[in-house]
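Geometric and topological summary
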Amino acid sequence: MILRQTRAVFHIATCCQGHIHTSTQLAARDPRKEWEKFSEGIRKKGSVKNWVRDRLQQQREENSRTFEKSKREYEKKREERYRNSAGHGGVEGDLPEKFLSLLPTPAQFNATFDKALSKFPDGADIVKKFPRKYWPFLHLSRVDKPIGSWLLFLPSAWGICMAPGFISLPLLGLFGVGAVLMRGAGCTINDMYDIDLDKQVIRTRDRPLASGQVSKEEALQWLAIQLGLSSLILFSLNTQTIVLGFFSLVLVGTYPLMKRVTDFPQLYLGLTFNLGALMGYSAAAGNMGLAPLCLYCAGICWTMVYDTIYAHQDKVDDMKVGVRSTALRFGDKTIQICTNFVSAMGLSLLLAGLAGGLGPTYFISTFLTSCMIMKGLSLVDLNNPRSCWEFFIMNRNIGIVILLSIIVGKII
């Protein structure tokens, strides 16, 4: 019995060495020598348990060394691309090298904002303030990851601040709370649709529904609470904004289906997330105009860029489970196509500023933000999830800069 168990462990150990052997390597291996080597290892360690523990420790150390090596190679590659940007034919080569050298890298740009925002509690700290039994529901709504709420709120804030007259702080507060609630509702709907897909993707298999922390019935009740609170905010606004709000509910409810029926779910997300630019302007001004429409177009182009890069994190798993995205559709042309979207975004922001009668500081700032996105595109490594995430996070800060440029542009 013991011999049979030992041989079983030997079989697993020789088949699962932590790396893939080619057929030539497998053919060259001698089972007898492997068995002798394995038996000698067991005798030295005293037991199978000790041998397995040591093997696992060696594998963890090897994985750590591999990760650090990949990290160093990525950093080296990124620095080389930055230094040689004028000649590599990418995004940066289209702009003066001296000018681009004045712009921070995405990591530096993000670090500046992280330091400024560090005074406020992050999403994880907010979740911990609630009793533990509510944590799965807050995680279901991504309260611990507020980046999505920022990206939903910022276009609304653009619209509110672009409207004529004084900026309404209470209105900004209402839309801020509404963004958190609607983002949470959208994530809940998405996870209810994708519960089976999430179980197959490494990044999403620990989500509350996929991992069984929350049942479908409980998720449905939680969704009703979030939509109910969002409705209270919506019905406090004018009629035109309420109509736009109901239209946004249709978009939010159908968005999770898009990754199954089209290669452009990111475009649909752009239509959904940036509708706040129209709603914010409508709520503040009571009417509609060219400026909010241009902001809406700019936001759609912006979403196409950051969410396409974001989707590159999951492209391997997406291909396995049949999920569609612009990351898979654009493939090797992603950077080139996203650069065109950045150009369209810059043009739309220019037209919005002209229609809104903003001052020169707005145009200078939005031009610099467009250049910053292009620089980020030139440095991002689409095969490195950490690099894609760094670029994605940068866009929250880009949105904040655009918001501040609108506010200052109304004065100067």
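These lines cover the structure that appears in this document, whether it is placed above or below.

Reading guide: rules and limits
- Residues numbered from 1 in each chain as written.
- Predicted model: local features only at pLDDT ≥ 70, side-chain atom pairs only at ≥ 80, totals over all residues.
- Heavy atoms only, no water.
- Core = buried A, V, L, I, M, F, W, Y, C linked by side-chain atoms within 4.5 Å.
- Buried < 20%, exposed > 50% of the residue type's maximum accessible area, 1.4 Å probe, protein only.
- Helix = DSSP H or I, 4+ residues; strand = E, 2+ residues; numbered from the N terminus.
- Contact = heavy atoms within 4.5 Å.
- Polar contact = N/O pair within 3.5 Å; in protein donor to acceptor, adjacent residues only side chain to side chain.
- Patch = residues over 30% accessible without salt bridge, like charges linked within 9 Å, V, L, I, M, F, W, Y side chains within 5 Å.
- Areas by Shrake-Rupley, 256 points an atom, 1.4 Å probe, with all protein chains shown as cover.
- Salt bridge = Lys/Arg side-chain N within 4 Å of Asp/Glu carboxyl O.

Some details on the nonpolar core
In terms of nonpolar packing, the biggest core is built from 76 residues, with Trp302, Ile373 and Phe391 touching the most fellow members. Considering every element that reaches this core, the biggest residue donor is helix H17 (residues 290-311), with 12 residues. Setting aside chain neighbours within four positions, we find Trp302 in contact with Leu151, Leu154, Pro155, Trp158, Asn274, Met345, Ile373, Asn395, Ile398 and Gly399. Counting 10 residues, the second largest nonpolar core, distinct from the first, contains Trp135, Leu140, Ile195 and Leu209.

Some remarks on the side chain of Ser325
With respect to the helices and strands, Ser325 occurs in the loop between helix H18 (315-321) and helix H19 (326-330). Separated by 3.4 Å, the side chain of Ser325 and the backbone nitrogen of Ala327 make a polar contact.

Considerations on the side chain of Thr326
Structurally, Thr326 is set in helix H19. Thr326 gets classed as buried once you look at its relative accessible area, which sits at 0%. With residues near it in sequence (within four places) discarded, Thr326 still touches Asp263, Phe264, Pro265, Gln266, Met304, Thr308 and Gly331.

Focus: a nonpolar patch on the surface
Together, Leu347, Leu350, Leu351 and Leu354 line one region of the surface with nonpolar side chains, adding up to about 360 Å² of accessible area. Locating Leu354 in the fold gives a position in helix H20 (residues 334-356). Residue classification places Leu354 among the exposed positions, given a relative accessible area of 56%.

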